[in-house]
Amino acid sequence: MEFGFTEEQLMFRETVYKYAKNEIYPLCEEADLKSEFSREVWKKLGSMGLLGLPFPEELGGSGADVVTCCLAGEAMGHAGVDSGHLLALGAHTYLCADTLHKWGNEAQRKKYIPRLASGEWIGAMGLTEPGAGSDAASMQTTATKKGDRWVLNGSKTFITNAPVCDVCVVYATIDRAKKHQGITAFIVERGTKGFSTGKPFHKMGVRASATSEVFLEDCEIPEENLLGEVGMGFMYTHETLSWDRSALLAPFVGGLQFMIEQCGQYATDRVQFDKPIKSFQAIQHKLADIKVILEGSRMAVYRVAFDKDSGKPLNHMHTSIAKAFVGDWGIKAASEGVQIFGGYGYIHDYPIEKYLRDAKLAQIGGGTSEVQRFIISRLMSF
Ligand SMILES: Cc1cc2nc3c(=O)[nH]c(=O)nc-3n(C[C@H](O)[C@H](O)[C@H](O)COP(=O)(O)OP(=O)(O)OC[C@H]3O[C@@H](n4cnc5c(N)ncnc54)[C@H](O)[C@@H]3O)c2cc1C
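Calculation rules
- Residues numbered from 1 in each chain as written.
- Predicted model: local features only at pLDDT ≥ 70, side-chain atom pairs only at ≥ 80, totals over all residues.
- Heavy atoms only, no water.
- Pairing = 2+ DSSP bridges.
- Helix = DSSP H or I, 4+ residues; strand = E, 2+ residues; numbered from the N terminus.
- Near = heavy atom within 4 Å.
- Polar contact = N/O pair within 3.5 Å; in protein donor to acceptor, adjacent residues only side chain to side chain.
- Areas by Shrake-Rupley, 256 points an atom, 1.4 Å probe, with all protein chains shown as cover.

Peer 1: Could you give me a rundown of the pairing of strand 7 (residues 211–222), with the residues and numbers involved?
Peer 2: Here strand 3 (residues 149–160) pairs with strand 7 via nine bridges, running antiparallel. Note that in strand 7 the partner of T160 across the bridge is T211. Across three bridges, the pairing between strand 6 (residues 195–197) and strand 7 is antiparallel. Looking at the pairing, S196 lines up with F215 of strand 7.

See below:
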């Protein structure tokens, strides 16, 4: 399958790649080692316009299409920017800001999008709860109308950017008995009484992103912070999914390219038995396997992106295939990458062990690989 990227899109990819390689990659190792969200990286992402790509120019964005957003994510992954920073960007731009932009009213868009697109504010999205992950519709967080205010009660967990966010799109149910149809989206700003976030979790990978719980204790928000329509929240999460299966996966595609280049170089330089290890067929096959996974991942992700740009309805088969492919085969590729580096692959001095730790998230976050198979098998007809 040949994708019709425009000259402009490819030039943009190149520009982002060079910027990320020179300005952002050098800061990534420290952020990962310290397990800290880097405000310096955030500023650099904002000043390059990378936090507001899909939004209209009048709201501070660049008016980029979905494919261009994916190319930017791929370019940053290719430059070696770690998945922690890119997850923070993804949660902010695609899970929080885009939901506000798509379902918010004029006043909400004008208030939030320029601040989020510039990076002045950081956004988060809270759907998952301690007792409701894959089965998000079974959420317990409630929203009760009290005069002209909504009162939220409950908690969320694993929320990317929560410890550093200024605004969070929170999903809550107005009536648990209504299941999906009760779920409603709300905008909660940091500083609102009853809204608090936990200490950042100590994570296996994507460590430069800050993740924590969100607590809502009699958290009162004004009527105007209702996002979209009552009972439509679950439908909004479906739109989020199309970003989750395209722009949020694209950095992993770029990461595979980064890894192939690292592995190819190492296999050329490393000599054992008087030969570069790349002369051994076992190593050649590992490099070939990573290349196959890279190309397969690229096709699966851009198929979703081109569909989204063409305005086609979300194809759940395509989105789930993209998520399962990148998640499951990405781990295989990362593991083979470590193997090519031998003992050096296992220690921190080379970027490969970090890549393996980060790659695991693609099998879990935003819908696990098992859930993707559950969806794919339901959609298959024999
Ligand atoms: C680093 C990180 C960042 C995250 N960021 C966010 C965020 O910003 N916002 C947000 O709302 N959430 C976020 N999440 C949450 C993430 O989306 C959930 O972890 C994920 O959806 C899985 O839910 P769970 O962890 O509760 O696992 P569970 O749903 O409890 O699943 C446990 C196991 O059971 C399997 N399983 C469950 N149901 C089925 C089924 N029907 N068929 C087969 N197997 C099944 C799963 O595949 C998994 O292996 C994040 C998670 C992580 C780790």
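Next comes the rest of the write-up.
Peer 1: Could you give an account of the pairing of strand 3, with specific residues and numbers?
Peer 2: By the bridge criterion, five bridges tie strand 2 (residues 142–146) to strand 3 in an arrangement that is antiparallel. When the sheet's bridge partners are listed, A143 is paired in strand 3 with L152. Hairpin remark: strand 2 followed by strand 3, antiparallel, with two residues in the connecting loop; positive phi at G147, about 65°.

Peer 1: Explain the site of the ligand residue by residue, including any values.
Peer 2: Neighbouring the ligand are 17 residues; T128, S134, F158, T368 and E370 lie closest to it. Measuring from a nitrogen atom of the ligand, one finds a backbone N or O atom of M125 at 2.9 Å. Protein chains bury 66% of the 980 Å² of accessible surface belonging to the ligand in isolation. Among the secondary structure elements, those contributing two or more residues to the shell around the ligand are strand 1 (123–126) and strand 3. The leading source of residues in the shell around the ligand is strand 3, at three residues.

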